[in-house]
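An overview of the molecular structure
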Amino acid sequence: MKLPYVEYEAPTTIAEAVDLLAEHEDEASVLAGGQSLIPLMALRLARPAVLIDINGLSELSLVAATDGQVTIGAMTREYVAEDSATVGDAVPLLAAALPLIGHEAIRSRGTIGGSLAHADPAAELPAVALALDAEFVVRGRAGERVVPAADWFEGYLATSRRPDELLTEVRFPAAGPGTGVAFLEVARRHGDFAIVGLAVSLTLADGVISDARLAFAGVADVPVRVAEAEDLLAGERPSAELFAEAARVATAALDPPADLNGSPEYRKQVAAALVRRGLQAAADNAYERQ
Amino acid sequence: MIEVTVQVNGASRTGSVEARKTLADFLRDDLDLTGTHVGCEHGVCGACTVIVDGRAVRSCLMLAVQAAGSEITTIEGLATDGGLGTLQQAMWDSHSFQCGFCTPGFVMQATAYLSAHPDAGEQDIREALSGNICRCTGYQSIIDGVLLAAQRSREA
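Only a predicted model underlies this, so the values are computations on that prediction, with no experimental measurement involved.

Take the environment of leucine 132 of chain A next. Residue and element names in this part refer to chain A. Position of leucine 132 among the secondary structure elements: in the loop between α8 (124-131) and β6 (135-140). In this structure the C-alpha to C-alpha distance between leucine 132 and alanine 10, which are 122 residues apart in sequence, comes to 33 Å. With sequence-adjacent residues up to four places away left out, leucine 132 is seen in contact with Leu93, Phe172, Pro173, Ser201 and Arg213.

Hydrogen bonding along the main chain pairs the strands of a sheet, whether they run parallel or antiparallel. All names here are of chain B. Reading across the sheet, the 5 strands line up as β2-β1-β5-β3-β4 and stay open at both edges, with mixed pairing between neighbours. Pairing within the sheet leaves two strands with one partner each, and these edge strands are β2 (11-17) and β4 (55-58). Averaged over neighbouring strand pairs, the angle between their axes works out to 40° when direction is ignored. Relative to β4, strand β3 (residues 49-52) is paired through 4 bridges, and the arrangement is antiparallel. Bridge pairing in β4 links threonine 49 to arginine 58. Seen against the sheet, helix α3 (residues 103-116) touches β3 and β4 and runs at an angle of roughly 35° to β3.

By a frequent convention, interface size equals the accessible area lost on bringing the separate parts together. All names here are of chain B. You can read the domains of chain B as domain 1 (2-77) and domain 2 (86-155). Only β3 and β4 provide two or more residues apiece to the side of domain 1 that touches domain 2. The dominant element in the side of domain 1 that touches domain 2, judged by the number of residues it contributes, is β3, at 3 residues. A per-class count over the side of domain 1 that touches domain 2 returns 7 nonpolar, 5 polar and 1 charged.

Glancing now at the interface of chain B and chain A. Between chain B and chain A, the residue contacts involve 22 residues of the former and 26 residues of the latter. Among the elements of the structure, β4, α3 and α4 (122-128) of chain B are those that each provide at least two residues to the side of chain B that touches chain A. Top element by residues in the side of chain B that touches chain A is β4 of chain B. It accounts for 4 residues. Residue composition of the side of chain B that touches chain A, grouped by class: 8 nonpolar, 9 polar and 5 charged.

Moving on, we come to the packing of α3 of chain B against helix α5 (residues 139-155) of chain B. Residues and elements named next belong to chain B. Relative to each other, α3 and α5 sit at 35°, their axes nearing to 11 Å. Considering the relative orientation of α3 and α5, their crossing is right-handed. On α5, the residues touching Phe106, Ala110 and Leu114 of α3 are Ile142, Val146, Ala149, Ala150 and Ser153. Looking at the contact of α3 with α5 residue by residue, the class counts come to 7 nonpolar, 1 polar and no charged.

Residues and elements named next belong to chain A. Of all the positions in helix α1 (residues 14-24), only Ala17, Val18, Leu20 and Leu21 are classed as buried. Across the axial projection of α1, the buried residues extend over an arc of 160°, all falling on one side. Glutamate 25 lies just past α1 and shows a positive phi near 40°.

Residues and elements named next belong to chain A. By the element assignment, valine 249 lies in helix α11 (residues 240-252). You can call valine 249 partly exposed: it has 19 C-beta atoms within 10 Å. Spatially, the C-alpha atoms of valine 249 and serine 36 are 34 Å apart, while their sequence positions differ by 213 residues. Those residues in contact with valine 249, other than ones at most four positions away along the chain, are Glu228, Ala229 and Leu232.

Residues and elements named next belong to chain A. Across the 8 residues that make up α8, a large majority, 8, are buried. Where α8 is concerned, the buried positions are Glu124, Leu125, Pro126, Ala127, Val128, Ala129, Leu130 and Ala131. A positive backbone phi angle near 55° is found at aspartate 133, which sits one or two residues after α8.

What counts, and at which threshold
- Residues numbered from 1 in each chain as written.
- Chains lettered and ligands numbered in written order.
- Predicted model: local features only at pLDDT ≥ 70, side-chain atom pairs only at ≥ 80, totals over all residues.
- Helix = DSSP H or I, 4+ residues; strand = E, 2+ residues; numbered from the N terminus.
- Contact = placed C-beta atoms within 7 Å.
- Pairing = 2+ DSSP bridges.
- Axes fitted to C-alpha atoms, helices over the stretch in contact; angles between N-to-C directions.
- Domains from an automatic or database assignment.
- Nonpolar A, V, L, I, M, F, W, Y, C, P; charged D, E, K, R; others polar.
- Left-handed = near helix turned anticlockwise from the far one by under 90°.
- Buried ≥ 20, exposed ≤ 12 C-beta atoms within 10 Å, placed from the backbone.
- Arc of directions from axis to C-beta.

The structure is reproduced here in structure tokens:
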């Protein structure tokens, strides 16, 4: 369908955008890449009175490495992050996930901040941010607030961003030596939303797992981190038996939704297979990066 | 109404639009460039794909006002001296068309992809075109056409 009538604002500074958000609050939607918001409007699932288009805020397009972190501006397009050597070197898990987002034409417009603020639980970037304990920087009239990923995702398409706040940047910790990663997903076609997706980061020190991170996409109304499996892996040596046990523990607590693409039982089976494969792939990658 | 000026297929064009008008509708209704097809209108089918500042984008997921100042190439911009471009000719030779509705989107997506990946193989092309839907399901001949174009461009 054609888009419904909507007012349009195109601020040129962050302060101006924040003032507009404070003025319109729930009546406004922030327009970044538009690859989720525009379809929602076309389908009448979103009916904002005002669009606040932040494409003119050039200071929000950046990828910068600083003290063990990589800062990515909220308006950074997904293809720019995908092509970034900084992201490839320092945040390999993000680099692994980016090519799986939508299709090439979607990544031409879609943004890092847009995907994370939209917070679709089946999307790739929320699982990556949760696995890596990324930090979300939001700006309101009262100033800046930093929200850890664990507190960011509150429900289906819902985050802890307040209506008068703008997500300005996301900070990802840089991967050290010995950290291997994998992002795996099962989807009907390349580019479709994952039936189940999995972000894995595994750090090996002297052949022992010193840090393990697992976060699922597509199994609940938010991305899901599985601490029980992570704890089980820490301090152990990688093996097929260990990874099978981690898969059992990781999926035992899941209660995934049923839809056209699969039953809860099928999703759990896929999730278990992804844990086994993902851990093996991340371990292989960790040996390479040592 | 908001005034929008874009460069389309090398020419400067101006129109006056409501904010809610998509780039696809602006091209078709205001600029009479009806080669860009509108299918699903929510970013799933790929029929409306055009090239904006060198990147393939879905013109139904971009507002016309957001395209102000951009350089846009549509299907009408691919012909050279009134003849078919390399990709168009290769797709013609490979019978890559059935009803033709999805064709402009496929051609624009493939144009953007081949210009960035001239050495693309069959699997790469399949993935690159996976966001475009052909309801006649003539995918095989479309892949053949794009592969043939890639080969001809490399040999040229």
